[in-house]
Amino acid sequence: MTESATGMLGHSRKLSDSRRMVVKIGSVLLVDEETGTIRQDWLDALAADVAACRKAGQEVILVSSGAIAVGRRHLGITRPNLKLEESQAAAATGQGRLAHAYQEAMARHGLTTAQILLTLDDTEQRRRHLNARETLETLLGLNVVPLINENDTVATEEIRFGDNDRLAARVAQMVGADTLVLLSDVDGFYTADPLSNPEAVLVPEVREITPEISAMAGEAKPGDGSGGMVTKLMAARITFAAGCRMIIAPGKLLGALAAIDDGSGDSCTWFLPSSEPKTAHKRWIAGALNPAGTITVDEGAAKALAKGGSLLPAGVVAVDGDFERGDTVLVRGADGGEIGRGLICYSGEDARRIMGHKSDETEAILGYRGREEMIHRDDLVIE
Ligand code: GLU
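This one's a predicted model, so the numbers in the text were calculated from it and none came from an experiment. (Residues numbered from 1 in each chain as written. Predicted model: local features only at pLDDT ≥ 70, side-chain atom pairs only at ≥ 80, totals over all residues. Heavy atoms only, no water.)

**Quick word on the nonpolar core**
- In terms of nonpolar packing, the biggest core is built from 41 residues, with Leu62, Tyr102 and Leu183 touching the most fellow members.
- The dominant element in this core, judged by the number of residues it contributes, is helix α4 (residues 84–107), at eight residues.
- Beyond its immediate sequence surroundings of up to four residues, tyrosine 102 is in contact with Ile25, Leu30, Leu43, Leu46, Leu62, Ser64, Thr113 and Leu147.
- Core analysis: the next-biggest nonpolar cluster, separate from the first, contains 40 residues, Val63, Leu136, Val171 and Ile209 among them. (Core = buried A, V, L, I, M, F, W, Y, C linked by side-chain atoms within 4.5 Å. Buried < 20%, exposed > 50% of the residue type's maximum accessible area, 1.4 Å probe, protein only. Helix = DSSP H or I, 4+ residues; strand = E, 2+ residues; numbered from the N terminus. Contact = heavy atoms within 4.5 Å.)

**Thoughts on the sheet that holds strand β8 (residues 205–206)**
- Ordered by their spatial adjacency, eight strands build an open sheet running β3-β4-β2-β1-β5-β9-β10-β8, and the pairing between neighbours is mixed. At either end of the open sheet lies a strand with only one pairing partner, and these are β3 (112–118) and β8.
- In terms of strand pairing, strand β5 (residues 179–184) meets strand β9 (residues 245–250) through six bridges, oriented parallel. Paired with leucine 182 across the two strands is isoleucine 248, which belongs to β9.
- Seen against the sheet, helix α2 (residues 40–55) touches β1 (20–25), β2 (59–64), β4 (144–150) and β5 and runs at an angle of roughly 155 degrees to β2.
- Contacts between α4 and the sheet are confined to β1, β2, β3 and β4, with β3 contributing the most and set at about 155 degrees to the helix. (Pairing = 2+ DSSP bridges. Axes fitted to C-alpha atoms, helices over the stretch in contact; angles between N-to-C directions.)

Rendered as structure tokens:
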């Protein structure tokens, strides 16, 4: 079981400290607004950046948008708001061109790229998640720079990420990356939309996503890239749960990655995950050799856990083993596969009595007011 590779990086604001990073590239950086062609000078500078990281022994995974932006201009669709089937056709047209451009640019630095197109199920279903992770690990082991995008051609509204911010965050979590870099046309996270509010100021560091921070993000914006601050915050939630740092950095300049450490890209926003003791605590839970019991959860609960939530009694379908409050237990999905492990807030006997019930029924069933959660997210390590 891996938790994350972050280790000591919770306080560091240096990209050079990263050992494994995921870099997300927004359409707006890579694709010329007017012509829909790929900005070669920008891509060449990125390739030089990636080559420098690789030379320094860092592993890099790219998550690039741009398939739809490239494809729709190629097909002569000029309207900004596409129907789903038009987006799918545009992605099918643009993705090959996109991957080819990356391959050529990286090859000039002796780097090999490999394209992986993921759907939502590939990250949300455990088995497929593990399969995708295995592929990525193998590619990294072979010194390849994986190039990821959503498989927009087959993704329909209900089953798509729709934005590469969250996709990149899930990839970072999947591979235990220590850092996720979001390169976009904004240089960081602001207290309000800087385009419409002159009072807006950049927030250099975020350590917790409070309701105030969420309120600052405002609403999602339409266009080629479906991201905006809202999805960037969702990405931060995912990386926080994985103990991975996230940076929103200005991407327009050439050499945007190098600029993060040398400061030439002005400022950026670092989302730094929780402090070391918590990580150590979770590491300890993850390393437990003899879990005292097993909690089986339904699909809804499994999804909530994957997003970093606590385990509530309502999502539990079976409790096996004779354990005490505070013991380490395994958490299994409905298919029997291990999801994670954590410290349980109830004894085996009590857990069996409240499983499947809402948290506010606990007191009536047990005769005492216990914790709302069966396992609190702070005491839970998801694989
Ligand atoms: N996957 C989409 C594309 O390649 C972009 C999604 C996004 O912009 O976040 O065009």
